[in-house]
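Structural features, examined
One letter stands for each residue in the lines below.
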Amino acid sequence: MTGGLKDSETEEYIHSPFIRKQGNIYKPNNKDMDNDSINEKTLQDIHTKEIDLVNRDPKHLNDHVVKVDFEDVIAEPAGTYSFDGVWKASFTTFTVTKYWCYRLLTALVGIPLALIWGIFFAILSFLHIWAVVPCVKSYLIEIHCISQVYSICVHTFCNPLFEAMGKCFGDVRITSAKVV
């Protein structure tokens, strides 16, 4: 009998066998599964998600980075003002230069660095998944066995020795007197 035990009164399986209703297990976004409680959005591939072009730091990774504006770098105290045209031109020059230099640097260096960081984090993930975690798990398994043996040795040899020494020296009393 496969699939479970039969109940003699109802002639049904107590534990019904698992039967996949439809779809390929390797394609979880099958359109036939719309009526299931599985939300398609949660099954979307992370590589096909849309990026937000407005909020480019949604997790606030760079909030600690100094946000430098013109007013943060150049300020004229009261009484020592330059010409209004010079002040406006300086503001425009600073802002546009900072803006376009950043864009130029990201265009020239951003994509190669993204490639390098992608490779680095892929290697880091690979090493963590396939080397670090298995080594740590193996170490924990081995150290558990060693700790059991160590615990038996301590309880067998050290506990009686220290218990006997405690009984021998337990009645020793030391008094000190200050002699003048």
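Residues numbered from 1 in each chain as written. Predicted model: local features only at pLDDT ≥ 70, side-chain atom pairs only at ≥ 80, totals over all residues. Heavy atoms only, no water.

A word on the overall build of the chain
Of the regular secondary structure elements, the chain holds 3 helices and 0 strands. Across the chain, every contact between residues at least 6 apart in sequence was considered, and the portion connecting residues at least 24 apart equals 12%. Approximately 17,300 Å² of the chain is accessible, and the part contributed by carbon and sulfur atoms is 66%. (Helix = DSSP H or I, 4+ residues; strand = E, 2+ residues; numbered from the N terminus. Contact = heavy atoms within 4.5 Å. Areas by Shrake-Rupley, 256 points an atom, 1.4 Å probe, with all protein chains shown as cover.)

So, a nonpolar patch on the surface
A cluster of nonpolar side chains, contributed by Leu104, Leu105, Leu108, Val109, Leu113, Ile116, Trp117, Phe120, Phe121 and Leu124, occupies part of the molecular surface with about 1,000 Å² of accessible area. Within the secondary structure layout, leucine 104 lies in helix H3 (residues 84-169). Given a relative accessible area of 51%, leucine 104 falls into the exposed group. (Patch = residues over 30% accessible without salt bridge, like charges linked within 9 Å, V, L, I, M, F, W, Y side chains within 5 Å. Salt bridge = Lys/Arg side-chain N within 4 Å of Asp/Glu carboxyl O. Buried < 20%, exposed > 50% of the residue type's maximum accessible area, 1.4 Å probe, protein only.)

Some points on the packing of aromatic side chains
Per the stated rule, a full pass over the model turns up 7 aromatic pairs. Seen in terms of ring centroids, tryptophan 117 and phenylalanine 120 are 5.6 Å apart; in terms of plane orientation they differ by 85°. Their pairing is edge-to-face. Highlighted residues: tryptophan 117 and phenylalanine 120, both in helix H3, separated by 3 residues, approximately one helical turn. Here tryptophan 117 falls in the partly exposed class, since its relative accessible area comes to 46%. For phenylalanine 120, a relative accessible area of 41% corresponds to the partly exposed category. Aromatic rings pair up to connect Phe70, Trp87, Phe91 and Phe94 into one cluster. Between the NZ or CZ atom of arginine 103 and the centre of the ring of tryptophan 100, over which it lies, the distance is 5.6 Å. (Phe/Tyr/Trp six-rings, centres within 6.5 Å; stacked < 30°, edge-to-face > 60°. Lys NZ or Arg CZ within 6 Å of the ring centre and 35° of its normal.)

What about the UniProt feature "transmembrane region" (unreviewed entry) in the chain?
Using the residue numbers shown here, the UniProt feature "transmembrane region" (unreviewed entry) corresponds to residues 104-131. Its end C-alpha atoms 39 Å apart, residues 104-131 is made of 100% helix and 0% strand. (UniProt positions renumbered as here; feature names shortened; annotations may be inferred.)

Examining the environment of isoleucine 74
Position of isoleucine 74 among the secondary structure elements: in the loop between helix H2 (70-73) and H3. Distance in space between the C-alpha atoms of isoleucine 74 and phenylalanine 91 is 8.9 Å, their sequence separation being 17 residues.

Some points on unusual backbone geometry
Among all residues save glycine, negative phi is the norm, and among peptide bonds the norm is trans. Positive phi is not limited to glycine here, since histidine 60 has a value of about 55°. Structurally, the position occupied by histidine 60 is in the loop between helix H1 (40-43) and H2.

Quick look at the environment of histidine 128
Structurally, histidine 128 is set in helix H3. The exposure class assigned to histidine 128 is partly exposed, which follows from its relative accessible area of 44%. Contact partners of histidine 128, with chain neighbours within four places excluded, come to Val133 and Pro134.

Observations regarding H3
Relative to the 128 Å expected for 86 residues at 1.5 Å per residue, H3 spans just 92 Å between its end C-alpha atoms, considerably shorter than the ideal helical length. Along H3, the helix axis deviates most sharply at valine 109, where the bend reaches about 45°; the proline proline 112 sits within four residues downstream. (Expected span 1.5 Å × (residues − 1). Bend = angle between axes of the 7 residues up to and from the residue.)

Notes on the pattern of salt bridges
Using the criterion set out here, one finds 1 salt bridge in the structure. Among the salt bridges present, the one from aspartate 69 reaches lysine 98, with a minimum N-O distance of 3.9 Å. Highlighted residues: aspartate 69 in the loop between H1 and H2 and lysine 98 in helix H3, separated in sequence by 29 residues. By relative accessible area, which is 42% here, aspartate 69 ends up partly exposed.

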